[in-house]
Amino acid sequence: MAQLSLRGIKKSFKTVDVLHGIDLEIGDREFVVFVGPSGCGKSTLLRLIAGLDQISEGEFVLNGQRMNQVPPSRRGIAMVFQSYALYPHMDVYENMAFGARLMGLDKAEVEARIAQTARMLRLEPFLKRKPRELSGGQRQRVAIGRALVRKPDVFLLDEPLSNLDAALRSDVRLEIAKLHRDIGGTMIYVTHDQVEALTLADKIVVMNLGRIEQVGSPRELYEAPANTFVATFIGSPRMTLIDVARQGDRLAIAGGGSVLVTALPDVARLRIGVRPDAVVLEHGHAEDGFTASVVYTEYLGDNAFVYVRLADNTLMPARVGVNERFAPDAPVTVKLERAAMHFFSAEDGRRLDP
Amino acid sequence: MALTGRGLWITALIAPPLAFVALFIVYPIVAAFAYAFYDWQGLLRGEFVWFENFHTVLFVEPYASRTLNAFSHNIFVFFALMVLQNGLGFLLAYALWRELPGARFHRVAVFLPVVLSTIIVAYLWKLFLHPLFGVINQSLRGVGLADVAQPWLGQESTALWALVIAQAWHMVGFPTLVFLAGMQRIPTDIVDAVRMETQSEWVKITKIVWPLVAPSATVVFVLLFVGAFNWFELPYIMAGLDGSPYGSTDVLGLYFYRTAFGNVSAAHQDFGLGSALAVLMFLFIAAIAGFVTAKLRAREIQL
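Residues numbered from 1 in each chain as written. Chains lettered and ligands numbered in written order. Predicted model: local features only at pLDDT ≥ 70, side-chain atom pairs only at ≥ 80, totals over all residues.

Enquirer: Can you explain the overall build of chain A? Please cite residues and give values.
Expert: Each helix and strand counted, chain A has 8 helices and 20 strands in total. Reported as C-alpha extents along the three principal axes, the dimensions of chain A are approximately 80 × 45 × 35 Å. Taken across its 354 residues, chain A has 40% of its residues classed as buried. (Helix = DSSP H or I, 4+ residues; strand = E, 2+ residues; numbered from the N terminus. Buried ≥ 20, exposed ≤ 12 C-beta atoms within 10 Å, placed from the backbone.)

And the structure:
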């Protein structure tokens, strides 16, 4: 059982404010991912939950108990570090046994837990090895195993995949997802990679500049981003933002054509967001649609992205079939599907719904 | 290889120090080895006597008991300093590393005595320990512990301890600095990982910090060993060449010096016996230090 409540959490290091008031509820068995660009405060927030840093202001409540002054080892929380932080002078078995023994478990129980964990993480052949004799992926599993044997209420994972190579990364990602299903604890996972966030999370917390921008399921964030930051952060290639003026039922770029759109928000100027899938490119300049010219094509095997430049100089990716050819500098017309368009305020970037 | 530009430079830079080392370090050591096998009449070299000088200092009275007395004091000094200097140094380093209040000031304060000359430290502590006017006895009397005040350097039971404490005060900054450097090399993630598992400082020190700084301990241990068995300046200044009172602070360094060069009270001097002592000290220190270094090196942990 784990129910976490963060209430008005603030953190400052000397004069620098890093977190400006975080409110967040995390439920039992949830897989929550904190995602955001570097320096957004996501790792700091994780360290506050772990108890490694002091909360400057606000309250952290775990299972109804205020945790602000509880030392890290008494919180029922285990953490997997980005560098794995294995004890270099202990073998794999000792690394896992260390914390379990300190919890006061008897010898048989420690052994049983390690045996079970080693089996689950396929670490049995390595139990007598020192960390430096292991590969990156194996060290990663030991770090996870060390957290598992303590059977904590909450697992914290700080960018656990960032030290692995690309091929291994997707394997380990799958394993972590499976692990969460099997052991069912609450997991909080920090990453700057939105793909990890989308694939793993039940709930994503998008952070920027020490604030939460949006909390929601991967689908909610992708389909209904609350503001332009979330819109451009989630999804790859990024969503394109275009500043347009409203002319009746049409949205126009100055000197660059216009598109007919029904059911618009009631403002004169707005910013629209379009993902590459929602863009239709037609050869030549047409009456209806934004005029643009082709910059280059990115071929990815199963599909391709054509980057086009709109009249206001915005660079915009569009997904096309692999058989379509767009020569550099060729004139094209950009058509948009209404259903796939997002509307944002031109002033503060907040989402506008008609 | 022709002696061209670069080679010439290297030769020119290496030759003088090499000559210096050969003349003032290698030659005296080799010479001492040779001296130890001769009979000496003052500065006059006599016959080649094989191992007689060694035999005399080790087994013939009164030399044998003096040698044993001095040697046992060296052993005592080594273990006492191991606790007082290295042990305390480790704890100080831990306190500095954890950034306890005042860490910034104490980092400098702890190391400052190391920079002082031994002469200054020795005279300073002689003043501190003065039975009547010394700051230690004055303070004891000041807080009503007049019974505890005593002539620290003047009685057999306390004299060697007093020297050891002065030495530890002088040099404690060195192991502190070495241990602190070792601790600062421990990755912060590992420190955080331990904090996630325990809040006991004792467990952190014994199970994580100590094993990880143990490699830096090798050099500290070996240097302490060499220092303890070559100990000379501080006892010479504070206790005099005879290891007063009554030989209770006599150590091999003093004993060797007295035997080889004589002293004010006993003008007798014997280079042969002195050299034999010097050679024995050298062999003993080199053998143990070499063995310990090799042994501890093998156990070092790569971070």
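Enquirer: Give a description of the domain arrangement of chain A that names residues and reports values.
Expert: Residues and elements named next belong to chain A. Each domain of chain A was delimited in the assignment, giving domain 1 (4-233) and domain 2 (240-345). Taken together, the contact pairs 5 residues of domain 1 with 5 residues of domain 2. Among the residues making up the side of domain 1 that touches domain 2, the classes are represented as 2 nonpolar, 3 polar and no charged. (Domains from an automatic or database assignment. Contact = placed C-beta atoms within 7 Å. Nonpolar A, V, L, I, M, F, W, Y, C, P; charged D, E, K, R; others polar.)

Enquirer: Go over the sheet that holds strand β2 (residues 16-26) of chain A, please, and point to the residues and values.
Expert: Residue and element names in this part refer to chain A. Sheet architecture is open: 4 strands sit in the order β2-β1-β4-β5, paired in antiparallel fashion. Because the sheet does not close on itself, it has two edges, and the strands there are β2 and β5 (65-66). Against the sheet, helix α1 (residues 42-50) touches β1 (4-13), β2 and β4 (57-62), its axis set at about 65° to β2. (Pairing = 2+ DSSP bridges. Axes fitted to C-alpha atoms, helices over the stretch in contact; angles between N-to-C directions.)

Enquirer: So what about the interface of chain B and chain A? Which residues, and what values?
Expert: Contacts between the two partners involve 17 residues from chain B, matched on the other side by 17 residues from chain A. When residues in the side of chain B that touches chain A are grouped by element, the largest group, 7 residues, is from helix α9 (residues 188-197) of chain B. Tallied by class, residues from the side of chain B that touches chain A come to 10 nonpolar, 3 polar and 4 charged.

Enquirer: If you had to explain the confidence of the model for chain B to someone new, which residues and values would you point to?
Expert: The predicted structure's coordinates, where accompanied by low pLDDT, should not be read in detail. Mean pLDDT over chain B works out to 87, with 96% of the residues at or above the 70 mark. Across chain B, α9 of chain B holds the top mean pLDDT of 93, while strand β2 (residues 44-48) of chain B sits lowest at 80. (pLDDT = per-residue confidence, 0-100.)

Enquirer: Could you give me a rundown of helix α3 (residues 107-120) of chain A, with the residues and numbers involved?
Expert: All names here are of chain A. With 14 residues, α3 extends 20 Å between its outermost C-alpha atoms, agreeing within 8% with the 20 Å of an ideal straight helix rising 1.5 Å per residue. Structurally, α3 contributes buried residues whose contacts are with α2 (92-102) and α4 (136-148). Just beyond α3, the residue with positive phi is Arg122, at close to 55°. (Expected span 1.5 Å × (residues − 1).)

Enquirer: Quick one: what's the story with the pairing of strand β8 (residues 186-191) of chain A, residue by residue and with numbers?
Expert: Residue and element names in this part refer to chain A. β8 sits mainly inside the fold: 6 of its 6 residues count as buried. Side chains of β8 alternate between two faces, with Thr186, Ile188 and Val190 and Met187, Tyr189 and Thr191 buried alike. Pairing of strand β3 (residues 31-35) with β8, which is carried by 5 bridges, proceeds in the parallel orientation. For Phe34, the partnering residue across the bridge sits in β8 and is Val190. Bridge analysis of strand β7 (residues 154-158) against β8 gives 5 bridges, and the strand direction is parallel.

Enquirer: For unusual backbone geometry, give the residues involved together with the corresponding values.
Expert: With an omega dihedral of -5°, the bond running from Ser236 of chain A to Pro237 of chain A counts as a cis peptide bond. Relative to the assigned elements, Pro237 of chain A resides in the loop between α8 (228-233) and β11 (240-247). Cis rather than trans, the peptide bond between Glu61 of chain B and Pro62 of chain B has omega equal to 0°. With respect to the secondary-structure elements, Pro62 of chain B resides in the loop between α2 (52-59) and α3 (63-97). The backbone of Lys14 of chain A sits at a positive phi, close to 50°, despite the residue not being glycine. Structurally, Lys14 of chain A is set in the loop between β1 and β2.

Enquirer: Explain the sheet that holds strand β9 (residues 203-208) of chain A to me, using residue names and the numbers behind them.
Expert: All names here are of chain A. Spatially, the 6 strands line up as an open sheet ordered β6-β7-β8-β3-β9-β10, and their pairing is mixed. In this open sheet, the two strands that pair with only one neighbour each are β6 (77-80) and β10 (211-216). Within this sheet the neighbouring strands show an average axis-to-axis angle of 20°, counted without direction. In the packing of α4 onto the sheet, the strands contacted are β6 and β7, and the crossing angle to β6 comes to about 175°.

Enquirer: Which residues make up the nonpolar core, and what are the values?
Expert: By size, the foremost hydrophobic cluster in this structure holds 160 residues, and its most contacted members are Val33, Leu156 and Ile188 of chain A. Here this core gets 10 residues from one element, more than from any other, and that element is α3 of chain B. Shared between two domains, this core takes at least three residues from each, and those domains are domain 1 (4-233) and domain 2 (240-345) of chain A. Each residue touching Leu156 of chain A, except ones within four places of it in the same chain, is listed here: Leu46, Ile49, Ala50, Ile77, Met79 and Ile188 of chain A. (Core = buried A, V, L, I, M, F, W, Y, C linked by C-beta atoms within 7 Å.)

Enquirer: Lay out the environment of Ala278 of chain A with the relevant residues and their values.
Expert: Residue and element names in this part refer to chain A. Within the secondary structure, Ala278 sits in the loop between β14 (269-274) and β15 (279-283). C-alpha separation for the pair Ala278 and Arg47, spaced 231 residues apart in sequence, amounts to 39 Å. When near neighbours in sequence (up to four residues on either side) are disregarded, Ala278 contacts Leu336, Glu337, Ala340 and Met341.

Enquirer: Describe the packing of α2 of chain B against helix α13 (residues 271-298) of chain B, with residues and values.
Expert: To describe two helices that pack against each other, one gives the angle between their axes and the distance between the axes. Residues and elements named next belong to chain B. Direction vectors running N to C along α2 and α13 enclose 80°, while the axes themselves pass 8 Å from each other. On the basis of the axis angle, α2 is roughly perpendicular to α13. Along the contact surface, α2 presents Asn53, Phe54, Thr56 and Val57, while α13 presents Gly272, Leu273, Ala276, Leu277 and Leu280. For the contact of α2 with α13, the per-class residue count stands at 6 nonpolar, 3 polar and no charged. (Parallel < 35°, antiparallel > 145°, perpendicular 65-115°, else oblique.)

Enquirer: Break down the environment of Tyr94 of chain B for me, with residues and values.
Expert: Residue and element names in this part refer to chain B. Of note, Tyr94 is situated in helix α3. Remark: the alpha-carbon pair of Tyr94 and Tyr123, spanning 29 residues in sequence, is separated by 31 Å. Apart from residues no more than four positions distant in its own chain, Tyr94 is found in contact with Met183, Ile205 and Val209.

Enquirer: Any chance you could break down the pairing of strand β16 (residues 289-299) of chain A for me, citing the residues and the numbers?
Expert: Residue and element names in this part refer to chain A. For strand β13 (residues 257-260) and β16, the ladder comprises 2 bridges, and the chain directions are antiparallel. Across the sheet, the residue bridging to Ser258 is Gly289, located in β16. Pairing geometry for β16 and strand β19 (residues 331-336), over 4 bridges, is antiparallel. Bridge pairing in β19 places Phe290 opposite Val334. Examined bridge by bridge, β16 and strand β17 (residues 304-310) share 7 bridges and lie antiparallel to one another. Within the sheet, the bridge partner assigned to Glu298 lies in β17 and is Phe305. Following β16, the chain reverses through 4 residues before pairing antiparallel with β17; Gly301 in that reversal takes a positive phi of roughly 90°.

Enquirer: Describe in detail the packing of α3 of chain B against helix α10 (residues 201-229) of chain B, supporting the description with residues and values.
Expert: Residues and elements named next belong to chain B. Relative to each other, α3 and α10 sit at 140°, their axes nearing to 10 Å. As far as their axial angle goes, α10 and α3 are oblique. Where α3 crosses over α10, the handedness of that crossing is right-handed. Only Ile205, Val209, Val220, Leu224, Phe225, Ala228 and Phe229 of α10 make contact with α3, whose side of the interface consists of Asn74, Val77, Phe78, Leu81, Met82, Gln85, Asn86 and Tyr94. (Left-handed = near helix turned anticlockwise from the far one by under 90°.)

Enquirer: Break down the environment of Ala80 of chain B for me, with residues and values.
Expert: Its location among the elements puts Ala80 of chain B in helix α3. The spatial distance from the C-alpha of Ala80 of chain B to the C-alpha of Phe179 of chain B is 19 Å, given a sequence separation of 99 residues.

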